[in-house]
Amino acid sequence: MGFKCGIVGLPNVGKSTLFNALTESAAAQAANYPFCTIEPNVGDVPVPDPRLYQLASIAKSAQTIPTRLTFVDIAGLVRGASKGEGLGNKFLAHIREVDAIAYVLRCFEDSDVVHVEGKVDPIADAETIETELMLADLDSLERRVPILEKKIRGQDKEAKQTIALLERLLPLLRDGKPARALEIDEDERVLFKTLGLLTSKPILYVCNVDEVASGTGNAFSAKVEERAKSEGAGCVIISAQIESELAELGPDERKAYLAELGLPEPGLNRLIYEGYKLLHLITYFTVGPKEARAWTISQGTLAPQAAGVIHTDFENGFIRAETIAFDEYVDLGGESGARDAGKLRLEGKDYLVKDGDVLHFRFAN
């Protein structure tokens, strides 16, 4: 399934440049003026996972298919978006459709690139974005209260539960805190999700630095990292300029350029890894002579639901999952070696799939 990550930020922070580089496309028009991205651009990128290619090599798979991550580049936000300023309502509607939000924050000085607020201050930029999202959530919830109160008079049980949740959320938002700060019980989780609150989504801070600071960060990114740590949010230091240059190079040139810069891997990889960690995602594999393929699921997914990611028939008719741990598949030279060594296990409906599992599903038609 991968995941869908919305890229948001104030105008002129390098958001669309980053999107272009990450998706290796020019789908988003990057320019030095606000609102050059009018509609959300969507790009899929393969998730880098060396394990997949190891498995494909051992199985001599004819095709290798990585799982994918979707980036959504959303038009630049400005102060007042929650009230319809700039591209306001359209901007907010597009954010509701993503799983996580990457706040791209300008962490570089450049007199040639105008900052919409007149100065470089990534913390202030993050607070502007967060405030607009909180105001939009507050407006959304306040509009629901009269409707819910009317339903309660009609003895609507779900309305009572919803308004009880709103009575805890509204003071939080009015106090300038995001909805994700609310402590909720497991039995409230589904109801909480149905509210569709913008500030309930996990946050990943992306510090866009200049080339010099790409490996170590700078004073601006240090402040963002401190904020992210205090919130339990993800944080990545990345240079949109470097990523843009990497996107134009072939594999060998890219490797050489990264080595020259002293970077172990592209910023895209770090962005994806942080996103996976943020959303508690893991990868399992299916491997055979035709193809080796990676599949993304949430931590805690049972074997039948993992099978359902491939096809609903696999979930509905699930019988067993033939399971080999990645390390054992590699160490024993593939499926037959693992089978001979007694490392191929038959797991049932209660099996929690683990990261790196190599699976083959048995199901009834």
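Residues numbered from 1 in each chain as written. Predicted model: local features only at pLDDT ≥ 70, side-chain atom pairs only at ≥ 80, totals over all residues. Heavy atoms only, no water.

(A) The overall build of the protein, seen in detail. The helix and strand inventory of the protein stands at 14 helices and 12 strands. Scored against the burial criterion, the 365 residues of the protein give a buried share of 50%. The contacts in the protein between residues at least 6 apart in sequence include a share of 68% that link residues at least 24 apart. For the protein, the accessible area works out to roughly 18,100 Å², and carbon and sulfur atoms hold 50% of it. (Helix = DSSP H or I, 4+ residues; strand = E, 2+ residues; numbered from the N terminus. Buried < 20%, exposed > 50% of the residue type's maximum accessible area, 1.4 Å probe, protein only. Contact = heavy atoms within 4.5 Å. Areas by Shrake-Rupley, 256 points an atom, 1.4 Å probe, with all protein chains shown as cover.)

(B) Inspection of the packing of aromatic side chains at higher detail. Evaluation of the coordinates by the stated rule reveals five aromatic pairs. Of the aromatic side chains, those joined through ring pairs into one cluster are Tyr284, Phe318 and Phe361. The lysine or arginine in question, Arg51, covers the ring of Phe326, its NZ or CZ lying 6.0 Å from the ring centre. (Phe/Tyr/Trp six-rings, centres within 6.5 Å; stacked < 30°, edge-to-face > 60°. Lys NZ or Arg CZ within 6 Å of the ring centre and 35° of its normal.)

(C) Examining the packing of helix H4 (residues 122-153) against helix H5 (residues 157-174) more closely. Where H4 contacts H5, the axes come no closer than 10 Å and their chain directions differ by 150°. If you check the angle between H4 and H5, you find them roughly antiparallel. Judged by the twist between their axes, the crossing of H4 over H5 is left-handed. Of the residues in H5, those in contact with Met134, Asp137, Leu138, Leu141, Glu142, Arg144, Val145, Leu148, Glu149, Lys151 and Ile152 of H4 are Ala159, Lys160, Thr162, Ile163, Leu166, Leu169, Leu170, Leu173 and Arg174. (Axes fitted to C-alpha atoms, helices over the stretch in contact; angles between N-to-C directions. Parallel < 35°, antiparallel > 145°, perpendicular 65-115°, else oblique. Left-handed = near helix turned anticlockwise from the far one by under 90°.)

(D) Representation of the nonpolar core in the model. Core analysis: the biggest nonpolar cluster contains 51 residues, and Leu69, Phe71, Ile101, Tyr103, Tyr205, Val206 and Val224 have the highest contact counts within it. Setting aside residues up to four positions removed in sequence, Val224 forms contacts with Leu105, Cys107, Pro122, Ile123, Tyr205, Cys207 and Cys235. If you look at the next biggest cluster of nonpolar residues, it comprises 20 residues, including Leu141, Ile163, Leu173 and Leu182. (Core = buried A, V, L, I, M, F, W, Y, C linked by side-chain atoms within 4.5 Å.)

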